[in-house]
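A look at the structure
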Protein chains: 2
Amino acid sequence: MNIDGQAWRTIWLEPDGRSVGVIDQTQLPHRFTTRTLSSCGQAADAIRTMVVRGAPLIGVTGAYGLMLALQADPGDGALAAAFEQLDATRPTAINLRWALERVRDRVAPLPPAQRAEAAKREAALIADDDVAMCEAIGDHGLTLFQQLAAARPAARQEQPFHVLTHCNAGWLATVDWGTALAPVYKAHRAGLNIHVWVDETRPRNQGASLTAFELGREGVPHTVIVDNAGGHLMQHGQVDAVIVGTDRTTRTGDVCNKIGTYLKALAAHDNGVPFYVALPASTIDWSVADGVAEIPIEARSASEVTQIQGALVELDRPVAQAMLGSMATVQLSPNGSAGFNPAFDVTPARLVSALITERGVCEASEAGLQGLYNGA
Amino acid sequence: MNIDGQAWRTIWLEPDGRSVGVIDQTQLPHRFTTRTLSSCGQAADAIRTMVVRGAPLIGVTGAYGLMLALQADPGDGALAAAFEQLDATRPTAINLRWALERVRDRVAPLPPAQRAEAAKREAALIADDDVAMCEAIGDHGLTLFQQLAAARPAARQEQPFHVLTHCNAGWLATVDWGTALAPVYKAHRAGLNIHVWVDETRPRNQGASLTAFELGREGVPHTVIVDNAGGHLMQHGQVDAVIVGTDRTTRTGDVCNKIGTYLKALAAHDNGVPFYVALPASTIDWSVADGVAEIPIEARSASEVTQIQGALVELDRPVAQAMLGSMATVQLSPNGSAGFNPAFDVTPARLVSALITERGVCEASEAGLQGLYNGA
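Residues numbered from 1 in each chain as written. Chains lettered and ligands numbered in written order. Predicted model: local features only at pLDDT ≥ 70, side-chain atom pairs only at ≥ 80, totals over all residues. Heavy atoms only, no water.

Now for the overall build of chain A. Tallying secondary structure elements over chain A gives twelve helices and 19 strands in all. The C-alpha atoms of chain A give 21 Å as radius of gyration, which agrees with the globular expectation for 376 residues (21 Å, within 12%). If one aligns the C-alpha atoms of chain A with their principal axes, the spans along those axes are about 65 × 65 × 45 Å. Sequence-distant contacts in chain A: of pairs separated by 6 or more residues, those separated by 24 or more amount to 72%. Working note: accessible area of chain A is about 13,200 Å², and carbon and sulfur atoms make up 51% of it. Seen as two clouds, the 29 positive and the 40 negative side-chain charges of chain A have centres 3 Å apart. (Helix = DSSP H or I, 4+ residues; strand = E, 2+ residues; numbered from the N terminus. Rg over C-alpha atoms; globule rule 2.2 N^0.38 Å. Contact = heavy atoms within 4.5 Å. Areas by Shrake-Rupley, 256 points an atom, 1.4 Å probe, with all protein chains shown as cover. Lys, Arg positive; Asp, Glu negative; His and termini not counted. Charge placed at Lys NZ, Arg CZ, Asp CG, Glu CD.)

Here it is in structure tokens:
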């Protein structure tokens, strides 16, 4: 995607072939900076400290982390140690383990001298596959959006096609295009008059920070709203479709995604607004049938609820001009009040209008997914 | 209610009889301070700058504002000017106008020399009436909570009775007790093992700041959550009842309340959790039948979405120790991203399990309200 007219991916091999560049997502949207990762340890740190985030991007970063490790020491011991180090950074990220195994299995049979180059090729392949998959999701979603937009009453045809999204399932979470936002970018480039309502997505505010940044830099019209506002907008006909990503999809079509997704799905259902979930096959968990009952939901630190980060705008006492714009953490609730921070929720398949995958669009059901994937 | 064991109201006449004390709510929860209002202008400022907020409290502050004006000048011109000045502070606050009219109509027929004393008595009466009304809501809600708690399966009896609330409809919004929180305080004092999930309530975070402060100082167990989390908690049986206040209730039982209330009502309905609305008769608008279609929703400043205030915890550059704890405003979204900020939404009566009023509990319907109020 573009940042002010220049094309970017979230991760790239530097020209020296021995280091990897990434966008530092901890500083967004307030500062756009990049980082160079020159060792496996730096790659692991980048994942752990969320310089990079989003399941697909974490996977690619892990793959390149193995390359960096093998460039320093291509032996079996170093390979195993690097695998361990990277795998431990985000234990619940299913995609990370998958990418690490893919690279390890590719290079382990080779003589050590060939391993680093093989890892480089494999990591690049994983990245390119991800881009292709996201772009395919974008194409399938575009068709859906075009049909929906055309089917609106004549009086609505002149208005923007309003899409609401939650969290960040954009290109910053992948290598390029994104999942839920891929159809949005495709539609914008295809000339559809699209506008995006961006849920800020407390507690980590990935919507207000990352999604709004992405859309703004690509030039897609958008408006940031609090997570509380979507239901009201849907009641008043201001949302034509909801589209979100997913961290895990059950074989029956239940969707585990960022906390609060379920509330938007309820509102969409109550107001006859289509609710779409965009996903690559890698998020489907064929072993799970009942998402609400079976998927354990990770509780993150309560401080993400009781505090928030942003760029300092003003202080209630004199402050040096140079301090303004610094990243500040502020306390929101009283000291002594506990917080609870479940990171995800599960939206039952009955509330999902359709799944948009790299293989096409299907019903959110076992039959729907089987139809596309043959129980893969 | 209590603040660390000492009983407080949100507003009181000072011993000199010529000034009024209030809690400065703009500083909560980070600093507990009071202010003395010694003139009508100071009372108007306190309302305008939200030192005091909440419809009932604004009304009482307005009433005392007229007293302060009449103490300085009891003439007809001064009375009219003070009425205008106070009425203009919050044009949509139906309660403010009602309280101002009540005091004016009481004192206008009197000789000027008697007006200030009459206004003082009337303001005190309005305050005492509000306390009595809130306490009655608390008593009716307590009965409901006790019945619900007792009806839980045996296995759940040992667990806390979990109530979820949105925004602040506590004693800080009234003179004492509150509306939605009155049953909570009554239940806690009656020995019910109660625990409150506190929606932080973006954008202004009245839950995380005011509700959490109230509950903490009174000693009621509570946990702050983001607005996104309630649906997940309800899916997992962690909420026994939802209770909220209302800014306006239609004669058919639709409820206009803080933005996001509708989403919690949908989740409660989807999970069989009772959803209660606590209200004094003064919020019922007998002229409105369809809340979603007829109630205009005020859009507040977008900066409430794109920025947030809190007490400074840390900065990403060296900062004097003395700066920590200062009230800081931070930017959350990219400069250039628009925000939209509807302040309220409407929850249709079909999602409301019951209304809890000062006259008792009724169905959220025209028949229910008529039964209690005889079309008053």
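Okay, the sheet that holds strand S13 (residues 284-285) of chain A next. Residues and elements named next belong to chain A. Sheet architecture is open: four strands sit in the order S13-S10-S11-S17, paired in mixed fashion. The outermost strands of the open sheet, each flanked by one partner alone, are S13 and strand S17 (344-347). For strand S10 (residues 248-250) and strand S11 (residues 255-258), the ladder comprises two bridges, and the chain directions are antiparallel. Looking at S11, one finds that Arg 248 is bridged to Cys 256. Sheet strands touched by helix H9 (residues 261-270): S11 and S17. Its angle to S17, the strand with the most contacts, is close to 30 degrees. (Pairing = 2+ DSSP bridges. Axes fitted to C-alpha atoms, helices over the stretch in contact; angles between N-to-C directions.)

Turning to the sheet that holds strand S3 (residues 11-13) of chain A, a few remarks are in order. Residues and elements named next belong to chain A. Taken in spatial order, the three strands line up as S3-S4-S5 in an open sheet, and their pairing is antiparallel. Looking at strand neighbours, the two that pair on one side only are S3 and strand S5 (34-37), the edges of this open sheet. Averaged over all adjacent pairs, the angle separating strand axes in this sheet is 25 degrees, with direction ignored. This element, helix H2 (residues 55-72), spans S3, strand S4 (20-23) and S5 of the sheet and lies at about 25 degrees to S3.

Right, let's talk about the domain arrangement of chain A for a bit. Residue and element names in this part refer to chain A. One can read the domain layout of chain A as domain 1 (2-129) and domain 2 (154-298 + 342-373). Taking only C-alpha atoms into account, the centre of domain 1 sits 27 Å from that of domain 2. Opposite the 22 residues of domain 1 that make contact, domain 2 presents 17 residues. If you look at where domain 1 meets domain 2, you find one salt bridge. Residue Arg 217 is joined to Asp 4 by a salt bridge in which the shortest nitrogen-to-oxygen separation is 2.8 Å. Counting across the interface, domain 1 meets domain 2 through eight residue pairs in polar contact (both at pLDDT 80 or more). Elements with a minimum of two residues in the side of domain 1 that touches domain 2: strand S1 (2-3) and H2. (Domains from an automatic or database assignment. Salt bridge = Lys/Arg side-chain N within 4 Å of Asp/Glu carboxyl O. Polar contact = N/O pair within 3.5 Å; in protein donor to acceptor, adjacent residues only side chain to side chain.)

Turning to the relation of the copies chain A and chain B, a few remarks are in order. When chain A is brought onto chain B, the operation consists of a screw motion whose angular component is 180 degrees and whose axial shift is 0.0 Å, with 0.1 Å RMSD remaining. Such a turn and shift between the copies fits a two-fold axis. The residues that chain A uses at the interface reappear at the interface of chain B in 100% of cases, marking a shared surface. (Least-squares fit on C-alpha atoms with pLDDT ≥ 70 in both.)

The next thing to look at is the pattern of salt bridges. As enumerated under the stated definition, the model contains 52 salt bridges over all chains in all. Salt-bridge contacts for Lys 186 of chain B lead to Glu 135 of chain B; the nearest nitrogen and oxygen are separated by 2.7 Å. Highlighted residues: Lys 186 of chain B in helix H6 (residues 182-189) and Glu 135 of chain B in helix H5 (residues 112-150), separated in sequence by 51 residues. Of the residues examined, Glu 135 of chain B reaches a relative accessible area of 29% and is grouped as partly exposed. Because the salt bridges share partners, they merge into one network encompassing Arg 102, Arg 106, Glu 122 and Asp 129 of chain A. (Buried < 20%, exposed > 50% of the residue type's maximum accessible area, 1.4 Å probe, protein only.)

Residue and element names in this part refer to chain A. By the criterion of burial, helix H6 (residues 182-189) is predominantly enclosed, with six of the eight residues buried. Ala 182, Pro 183, Val 184, Tyr 185, Lys 186 and Ala 187 are the residues of H6 that are buried. Its buried side turned inward, H6 meets helix H5 (112-151), strand S6 (161-165), strand S7 (194-199), helix H7 (206-218) and strand S9 (241-244). Following H6 by one or two positions, Gly 191 adopts a phi angle in the positive range, close to 90 degrees.

Another point: the interface of chain A and chain B. Interfaces are frequently sized by the accessible area removed from exposure as the parts join. Contact residues are listed per partner, giving 73 residues for chain A and 73 residues for chain B. At the boundary of chain A with chain B, total buried surface from both sides reaches about 5,900 Å², with 60% on carbon and sulfur atoms. Where chain A touches chain B, the interface holds six salt bridges. The closest approach of N and O atoms between Glu 200 of chain B and Arg 202 of chain A, which form a salt bridge, is 2.7 Å. Across the contact surface, chain A and chain B share 38 residue pairs in polar contact (both at pLDDT 80 or more). Residue contributions to the side of chain A that touches chain B peak at nine residues, all from strand S14 (residues 307-315) of chain A. Taken together, the residues that form the side of chain A that touches chain B break down as 39 nonpolar, 23 polar and eleven charged. Relative to strand S14 (residues 307-315) of chain B, strand S15 (residues 327-331) of chain A runs antiparallel, the two being bridged by four bridges. Bridge pairing links Gln 331 of chain A to Ala 311 of chain B in S14 of chain B. (Buried area = accessible area lost by both parts, 1.4 Å probe. Nonpolar A, V, L, I, M, F, W, Y, C, P; charged D, E, K, R; others polar.)

In the sheet, S14 of chain B pairs with strand S15 (residues 327-331) of chain B via five bridges, with the strands oriented antiparallel. The residue of S15 of chain B that forms the bridge with Gln 307 of chain B is Gln 331 of chain B.

Let's shift gears to the pairing of strand S7 (residues 194-199) of chain B. All names here are of chain B. Summarising burial for S7: six of the six residues are buried, a large majority. Summarising the sheet, strand S6 (residues 161-165) and S7 pair through five bridges and their orientation is parallel. Considered in S7, the bridge of Val 163 is made with Val 196. In this view, the connection linking S6 to its parallel neighbour S7 by way of H6 has right-handed handedness. As judged from the four bridges shared by S7 and strand S8 (residues 222-225), these two strands associate in the parallel manner. By the bridge assignment for S8, Val 196 is matched with His 222. Between S7 and its parallel partner S8, the chain crosses via helix H7 (residues 206-218), and the hand of that crossover is right-handed. (Right-handed = clockwise from strand over helix to strand, strands pointing away.)

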